[in-house]
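Each chain is listed here by its residues.
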Amino acid sequence: GVFGFWKNYIDLRHVRQQNQDLQDTVDRLRLEQAALIEDARQGQRLQAMLDFQQKYLYKTIPAQIIGTSGSNQSRLFTIDKGKQEGLARDMAVITGDGIVGKVREVFPHSAQVLAINDQSSGAGVILETTRIRGILRGNEEGQPQIVGILADQRIKPGENVLTAGGDQIFPRGLPVGVVEKVENDPDRDGFIN
């Protein structure tokens, strides 16, 4: 009986060590899995960027965000391309999903971008179905809205908004967003936002 007890004790110590080894392996595999998932996502982003560049008629320069203003009121961010890569002030910043903002300041290897939802930013836009033109601006909360449109019953939520091309920054026909709601302009009678 003592021999059996001793053998079971020795076996139990080996099982504990095996369990610890397996736990270490599981932890290592989880880290490797997370790294592989991030690599796959990066590959998908790069593929989307390549597809976008091939479909877009104008010359594009791929860039990544490397910093933000750190303020809720300011909608500025910094990208990793600058004057050396051919960027200039007032160039459009876009993605495959639509417009993002415009280049505000250019440095040798970086640039500061003013996001489209900033109050001091803007873009000429056109509603896709009704062909009504307006100006896209950010409000106090950082939400983009189209201002200065005469009240029109044809404008409905769900209508696509595109760049109009008249602002000399954003080319015509780029996606901007979708009308979420229509409300009366509190400052001007007969106008809507």
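Shown above is the structure to which this text applies.
Since the structure is predicted, the reported quantities are computational estimates derived from the model, not experimental observations. (Residues numbered from 1 in each chain as written. Predicted model: local features only at pLDDT ≥ 70, side-chain atom pairs only at ≥ 80, totals over all residues. Heavy atoms only, no water.)

**Q** Whenever I open this one, the layout of surface pockets confuses me. Can you help?
**A** Which parts of space are left empty comes out when a probe the size of a water molecule is rolled across the atoms. Empty space within the second largest pocket amounts to approximately 720 Å³. If you go around the second largest pocket, you meet 29 residues; those closest to its centre are Gln 143, Pro 144, Gln 145, Ile 146 and Lys 181. (1 Å grid on protein atoms, 1.4 Å probe; cavity = no way out; pocket = protein on both sides within 12 Å on 5 of 7 lines; lining within 4 Å. Points joined across faces, edges and corners; volume = space filled by probe spheres on them.)

**Q** So what exactly am I meant to see when it comes to the pairing of strand β5 (residues 111–115) here?
**A** Among the five residues in β5, four count as buried, and that is most of the element. Relative to β5, strand β2 (residues 76–79) is paired through four bridges, and the arrangement is antiparallel. In the strand pairing of β5, Leu 76 is matched with Leu 114. Here five bridges tie strand β4 (residues 98–106) to β5, and the two strands are oriented antiparallel to one another. When the sheet's bridge partners are listed, Val 106 is paired in β5 with Ala 111. (Buried < 20%, exposed > 50% of the residue type's maximum accessible area, 1.4 Å probe, protein only. Helix = DSSP H or I, 4+ residues; strand = E, 2+ residues; numbered from the N terminus. Pairing = 2+ DSSP bridges.)

**Q** Looking at this structure, I do not really get the environment of Gly 122. What am I missing?
**A** With respect to the secondary-structure elements, Gly 122 resides in the loop between β5 and β6 (123–127). Measuring from C-alpha to C-alpha, the distance between Gly 122 and Leu 136 comes to 5.3 Å, with 14 residues separating the pair along the chain. For Gly 122, the contacting residues outside a window of four places in its chain are Ile 116, Leu 136, Arg 137 and Phe 170. (Contact = heavy atoms within 4.5 Å.)

**Q** Quick question: what am I supposed to make of the nonpolar core here?
**A** Nonpolar side chains in soluble globular proteins tend to be buried together. In this structure, Ile 99, Leu 127, Ile 146 and Phe 170 are the most contacted members of the largest nonpolar core, which totals 17 residues. Ranked by residues supplied to this core, first place goes to β6 with three residues. Discounting residues that sit within four places of it in the chain, Leu 127 has contacts with Ile 132, Ile 146, Ile 155, Glu 159, Asn 160, Val 161 and Val 179. Grouped together as the second largest cluster of nonpolar side chains are nine residues, Leu 87, Val 93, Val 106 and Ala 115 included. (Core = buried A, V, L, I, M, F, W, Y, C linked by side-chain atoms within 4.5 Å.)

**Q** Before we go on, may I ask you to explain the sheet that holds strand β3 (residues 92–95) in this structure?
**A** Hydrogen bonding along the main chain pairs the strands of a sheet, whether they run parallel or antiparallel. If you trace the five strands from one edge of the open sheet to the other, you get β1-β2-β5-β4-β3, paired in antiparallel fashion. Every interior strand has two partners, whereas the edge strands, β1 (65–68) and β3, have only one. On average, adjacent strands in this sheet sit at an angle of 35 degrees to one another, irrespective of strand direction. Here β3 runs beside β4; their pairing, made up of four bridges, is antiparallel. Bridging across to β4, Ile 94 finds its partner in Ile 99. (Axes fitted to C-alpha atoms, helices over the stretch in contact; angles between N-to-C directions.)

By themselves, these observations are geometric and do not establish any function.
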